[in-house]
Amino acid sequence: MPARILVAVVAALLLAHPAPAADKPLKVFILAGQSNMQGHASIATFDSLADDPRTAPLLKDMRDKDGKPKVCDRVWITSVGCQGNAYDDLREQTGKLTAGFGAFGTEGQRIGPEYLFGITMEKRLNEPVLIIKTSWGGRSLHTDFRPPSGGAFEWSEAELAQREKRGDDIEKVKADKVKATGVYYREMIAHVKKVLGDIKRVAPDYDEKQGYELAGFVWFQGFNDYVDGGVYPDRTKPGGYDPYADLLAHLVRDVRKDLSAPKLPFVIGVMGIDGPEKGKKPPMANFREAQRKPGTLDEFKGNVFTVETAPFWDDELDALKERMDRLNGKLDAEFKKDPKLTREAKEAARKKAAEEQFKPEELKRLKAGVSNGGYHYLGAAKILAPIGKAFAEALVRQNAPQQPK
């Protein structure tokens, strides 16, 4: 082969596969929150991305040449909170990023935002990445993740009166609350510090001379606070979730302090359940506003960002799910009238009713697109995948070299 052709071939290969940036530190990103950070999207819903031109390109990134979930070459992950019962389990799951780091671990075969987050980072950053994921389902900011500077949990007189009315031991209730307050904040910080103290345990290719950089924190949580009328009695009124906004600001401050990262870029995923239109009404509108509030504070300008997740909601898929839920509710009521019905008979009745009330393409879309409830973004990869990408893009912009003006 002539020398000039060989040089051209080598140059083309280098452009297609840039050399690793060996002199750059390992980029470390922390992903934290509750069940939607865990992720309840079954890999069985991947195909649903193919039918929408907005998400079809993502599917190509999510699968390898054999059609299996992609395994990232240069993104490692350590995750706690997603195995066992996915509520209080502290077992760790590690490895190269792929599907199966969602709720219930590899057995669940689910993804959360971490999957497209890591895939996007691998594409956009020419350097290795480590994701530290700490997420537990059903956890609140007002108690479980309560940051130290947020102070003690404050009981409302109305809630205490209600507890007393139903016969609860008030002193025990208060003591239990003190014991639970901040538990998962501390577990989160402890796990991050443990990983950073021995990175090679999780990322074997890590070069200690290269070092690491805490490059971003993503917070995706809110449902338990959103539905808690006892803690937020004025949640249907403007400002009803202000205590949540205050705690969220304390969370940013305390995470930065405890990790010695005073300017750590912080992304807040604004709850998008029910989509843009339904979310304009209280209490959802008020809760979203509370999640946006920390990003407007002067002390956080330029390093705390909000990512709206409502635009990724699928109204049509949600409507189909609601129709199916109503149908199943009606059938369940009918089944109770005849306790002798076998499971097979019930399933046959469900199948017949569904085929009568839904078009074949609607049933196909439901089966391919939904694997959980609306509070878990329908367990839809079509929704959670672009959310993960959006989180990554928000942080990529902060890690990109600044262009001269």
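Refer to the structure printed above.
These figures come from a predicted structure and were not determined experimentally.

Draft legend 1. Main features of the nonpolar core. Membership of the largest hydrophobic core comes to 109 residues, with the highest contact counts inside it found for M62, F117, W219 and V255. With 11 residues, helix α16 (residues 381-399) is the single largest residue contributor to this core. When residues no more than four places from it in sequence are discounted, the contact partners of V255 are Y185, M188, I189, F217, L264 and F266.

Draft legend 2. Structural context of the layout of surface pockets. In this model, the largest pocket occupies a volume close to 320 Å³. Along its surface, the largest pocket is lined by 17 residues, and R146, E154, V231, P243 and L247 are the ones closest to its centre. Take the lining of the largest pocket: its biggest share by element is 5 residues, from helix α10 (residues 242-258). Looking at the lining of the largest pocket residue by residue, the classes come out as 7 nonpolar, 5 polar and 5 charged.

Draft legend 3. A look at the state of the cysteines. According to the stated counting rule, one finds 0 disulfides in the structure shown. As a non-bridged cysteine, C72 has C82 as the owner of its nearest cysteine sulfur, 16 Å distant. By relative accessible area, C72 is classed as buried at 0%.

Draft legend 4. Examining the side chain of S79 more closely. The residue S79 is located in strand β3 (residues 75-80) in this model. You can call S79 buried: its relative accessible area is 1%. Setting aside its immediate chain neighbours within four residues, S79 contacts R91, E92, Q93, F101 and K133.

Draft legend 5. Spatial organisation of the pairing of strand β8 (residues 266-270). Burial analysis of β8 places 5 of its 5 residues in the buried class, which makes it a mostly covered element. Alternating positions in β8 separate into two faces, F266, I268 and V270 on one and V267 and G269 on the other, with burial throughout. Pairing analysis gives 3 bridges linking strand β7 (residues 212-220) to β8, with the strands arranged parallel. Within β8, the residue paired with V218 across the bridge is V267.

Draft legend 6. Region of interest: the environment of I132. Topologically, I132 is positioned in strand β6 (residues 129-135). Among the residues examined, I132 registers a relative accessible area of 0% and is labelled buried. Apart from residues lying up to four places away in sequence, I132 is in contact with V28, F29, I30, L31, T78, H191, V192, V195 and L196.

Draft legend 7. Summary view of the packing of aromatic side chains. Under the defined criterion, the tally for this structure stands at 16 aromatic pairs. On the numbers, 6.0 Å between centres and 45 degrees between planes, the contact of W136 with F145 is tilted. A relative accessible area of 0% places W136 in the buried class. Note on F145: relative accessible area 0%, which makes it buried. Each ring, one from F220 and one from F391, has its centre 5.2 Å from the other, and the planes form 75 degrees; the classification is edge-to-face. Residue F220 is found in strand β7, and its partner F391 is found in helix α16; the two are separated by 171 residues along the sequence. Judged by its relative accessible area of 1%, F391 falls in the buried class. Grouping aromatic residues by their ring pairs yields a cluster made of F223, Y226, Y232, Y241, Y244, F287 and Y375. Just above the ring of F153 sits the side chain of K177; from NZ or CZ to the centre is 4.3 Å.

Draft legend 8. Region of interest: the side chain of D225. Take D225: it is sitting in helix α9 (residues 223-226). Summary of buried charges: D225 has no salt-bridge partner, and the nearest side chain of opposite charge, R146, is 7.5 Å away. A polar contact of 2.8 Å, which involves the side chain of D225, links it to the backbone nitrogen of L141. At 2.6 Å, the side chain of D225 forms a polar contact with the side chain of Y232. Excluding its chain neighbours within four sequence positions, the residues that come into contact with D225 are S140, L141, H142, Y232, Y241, Y244 and F287.

About the criteria used
- Residues numbered from 1 in each chain as written.
- Predicted model: local features only at pLDDT ≥ 70, side-chain atom pairs only at ≥ 80, totals over all residues.
- Heavy atoms only, no water.
- Core = buried A, V, L, I, M, F, W, Y, C linked by side-chain atoms within 4.5 Å.
- Buried < 20%, exposed > 50% of the residue type's maximum accessible area, 1.4 Å probe, protein only.
- Helix = DSSP H or I, 4+ residues; strand = E, 2+ residues; numbered from the N terminus.
- Contact = heavy atoms within 4.5 Å.
- 1 Å grid on protein atoms, 1.4 Å probe; cavity = no way out; pocket = protein on both sides within 12 Å on 5 of 7 lines; lining within 4 Å.
- Points joined across faces, edges and corners; volume = space filled by probe spheres on them.
- Nonpolar A, V, L, I, M, F, W, Y, C, P; charged D, E, K, R; others polar.
- Disulfide = S-S within 2.5 Å.
- Pairing = 2+ DSSP bridges.
- Phe/Tyr/Trp six-rings, centres within 6.5 Å; stacked < 30°, edge-to-face > 60°.
- Lys NZ or Arg CZ within 6 Å of the ring centre and 35° of its normal.
- Lys, Arg positive; Asp, Glu negative; His and termini not counted.
- Salt bridge = Lys/Arg side-chain N within 4 Å of Asp/Glu carboxyl O.
- Polar contact = N/O pair within 3.5 Å; in protein donor to acceptor, adjacent residues only side chain to side chain.

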